[in-house]
Amino acid sequence: MEEVDVEPVVTNISGIRPGKRMGFAWGPGDILVYETQNKASGPTGSGCAFIHVVRKDEDIYSPILRKLFNESHHIFVGLQTIKDDLPSKSKKPQFVSISRNYRSVIRACMEELQQAAVSANDTDMATQYGNQVSILLAIELIWNLCEVLFIDAAPAGSLLLHLLDWVRLHKSDVDEKAKGVLQSDSPAEHRDYWDVVLSYVLQGRLEDTRKMLMKQAMLQPAAKSMYKLMDSLLSKMPFYNPGGTQTLTEFDVKWRNWHEEVDRYLRDNSFASNQHLEVICKILLGDEDVLLEHKELLSTWYYFLITRLLYCHPTVKPTELHYYAQSCVMMFLDSGVPEPLDSILLAAFEFDIHQVIKDCSIALNNWWFVAHLTDLLDHCKLLQSHNLHFGSNLREFLLLEYASGLFTHHSLWQCAVDYFDHCPEFGRVYLELQIERVPLDTERKALKVLRICEERQMSEQVRSICKIMAMRAVRNNRLGSALSWSIRAKDAAFATLISERFLQDYCAKGTFSDLDLIDNLGSTMLLSDRLTFLGKYREFHKLYGEKCFSDAAKLLLSLMTAKIAPQSFWMTLLTDALPLLEQKEVIFSAEQTYELMYCLEELTSSLITAASGSGRPMQEEDVEVTKVEMLRLALARNLASAIVKEGTMQT
């Protein structure tokens, strides 16, 4: 990344009031621009400051272009699965296929945008769609050329055939014009007839040219022999066949013989009586002056370049392209300044990959193109020598920038995760920072984010997300959800706090909420003592409800003697023991009864201590005193019954 040594362009932002200063807050997808005030100047009148949000990447908010981002994401992920240890020859067809898949996605979005522009009722929207179509056209043009030159890397002979296909694909207006000519009553007399014929010749579509010329020959019987001669020359023009047995040298000899034959007929004035056929003959000879006379049909210097190569240098080598490209730019543009697209294409013809990427990064309005093209070129081992001074290589830098932009979108952030995953040096760091900025609007979205973090062992982020959701659930009094999130976060302190809330609710209402969750705590109840108590206490209620009184009694006693239950909850537990103590059948043994009595006395002494500390002695009418007396009486009865029963069993 080089420093720009020119003065930056000044952009006026409407809405900022005269005499005000501006402050900036940078985000991954936009800039916040706001007015500031100089403290030294003091207050300058009433009125609130204006705030402007300047988005640097509007494309991610376009519903149609969103399809481009989603579809290309799948292609990107598929590309990463190609193994590096495969031979280069076997990988090349795969890379070409992937490149074409990217271009097909661009084409599909382009067609949809064109339809949207036509059907749009709003002029501004139609203009916006039209601008997006223009950008995608340029992107597809550049990508296709990079595919031909870098990825497919066609040799001499085949190279020109690929470049012809490239021009024909991106110069398709001739087909529309030809359709209008052929559908007319008299095609040969149509005003666009000769433009179509010459366009076919310029594109090397000689079979189509011959068909069109036949219609003219039928109208001019006197010139039939002349048209027949031109038809013969067109049919004889050799084209290289990469799959054939003919070598490139043999093809070159054959082409030169044909070229000399065309030149001989031109010098013999065989077409002097027909201006149009003479022009075609000169084009077949690659006459630069004649080609430049038809700038309107050629429209671009690179179209001029391919036509010139076709009729002058059909065996051009890749290393020679830059020479012809530069000369065509100079001839076609005269003294005009090249547009950014011209500079990018010229850099591609010069095989300067890094200049192509750099110019595209400056000219285009988002990182999508450069990120995906660079990634593909990197897999083709074409960027190995280029590393940045600040750590990551060029591929990773561009992918990180692109993915960071996606993270500002409410749904595309999920695609960005995969891009970070395939950036080995800084991808995880970026993901950890960006994932924390995803707004957890709903529980469903929070679960998506959580799953992503759990799959990547991002424990800090997992805890953070769970704590946020648990706190939100507590504020909304959704204790079950809060407990579930705290367990997932493995946060013992928060799980203890929520367990306390559950127990407080039980004391107030006499029933548990979220029974399904508590019944299925399993081993997670071991996260904290209070959570363990909550789970075991619920288990006691289930045993009691199933009339397993003996097991319920053992569990209840163990909760108190093992000190799992908080002492503040002992009175509730002892009160729960009352129905078991009053059963006709003795449930608690004498030893268990003594343990309950010890717990009751320990609780009573703590209550007395607490009461004296508050300066208010326990009164007989206090509810706690009444409960204690009832428990003592029930324990005394149960002890007597247990002693009698155990004594009877011994005798």
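One can find the structure itself at the top, above this paragraph.
Computed from a predicted model, the values in this text were never measured in an experiment. (Residues numbered from 1 in each chain as written. Predicted model: local features only at pLDDT ≥ 70, side-chain atom pairs only at ≥ 80, totals over all residues. Heavy atoms only, no water.)

Participant: So what about the environment of Ala577? Which residues, and what values?
Facilitator: Tracing the chain through its elements places Ala577 in helix H28 (residues 570–581). Residues in contact with Ala577, not counting those within four places in the same chain, are Leu556 and Phe588. (Helix = DSSP H or I, 4+ residues; strand = E, 2+ residues; numbered from the N terminus. Contact = heavy atoms within 4.5 Å.)

Participant: Any details on the side chain of Lys171? Residues and values, ideally.
Facilitator: With respect to the element layout, Lys171 can be found in the loop between helix H4 (158–170) and helix H5 (173–182). For Lys171, a relative accessible area of 15% gives the class buried. Polar side-chain contacts of Lys171 include one of 3.5 Å to the side chain of Asp173. Aside from chain neighbours lying at most four places away, what touches Lys171 is Gln203, Leu297, Leu298, Ser299 and Tyr303. (Buried < 20%, exposed > 50% of the residue type's maximum accessible area, 1.4 Å probe, protein only. Polar contact = N/O pair within 3.5 Å; in protein donor to acceptor, adjacent residues only side chain to side chain.)

Participant: Please set out the nonpolar core residue by residue, giving values where relevant.
Facilitator: Ranked by internal contacts, the top residues of the largest apolar core, which has 196 residues, are Trp166, Leu213, Ile280, Trp301, Phe349, Trp368 and Phe369. Setting aside chain neighbours within four positions, we find Phe369 in contact with Ile139, Ile142, Trp143, Cys360 and Leu364. (Core = buried A, V, L, I, M, F, W, Y, C linked by side-chain atoms within 4.5 Å.)

Participant: Tell me about the packing of aromatic side chains, and name the residues and values.
Facilitator: Taken as a whole and assessed by the stated rule, the structure comprises 23 aromatic pairs. Taken together, a centroid distance of 6.4 Å and an interplanar angle of 40 degrees make the contact between Phe540 and Tyr544 tilted. Taken together, the residues span about one helical turn, with Phe540 and Tyr544 both in helix H26 (residues 529–545) at a distance of four residues. Each member of the aromatic cluster is reached from another via a ring pair, and the members are Phe69, Phe76, Tyr402 and Tyr419. Directly above the aromatic system of Tyr265 lies the positively charged group of Arg264, at a separation of 6.0 Å from the ring centroid. Cation over ring: Lys295 sits above Phe332, and NZ or CZ is 5.1 Å from the ring centre. (Phe/Tyr/Trp six-rings, centres within 6.5 Å; stacked < 30°, edge-to-face > 60°. Lys NZ or Arg CZ within 6 Å of the ring centre and 35° of its normal.)

Participant: I'd like a rundown of unusual backbone geometry, residues and numbers included.
Facilitator: Although it is not a glycine, Gln457 adopts a positive phi angle of roughly 50 degrees. Along the chain, the position of Gln457 falls in the loop between helix H21 (443–455) and helix H22 (459–475). Exposure remark for Gln457: the relative accessible area of 61% places this residue in the exposed category. One non-glycine residue, Asn477, lies in the positive phi region at around 60 degrees. Take Asn477: it is sitting in the loop between H22 and helix H23 (479–488).

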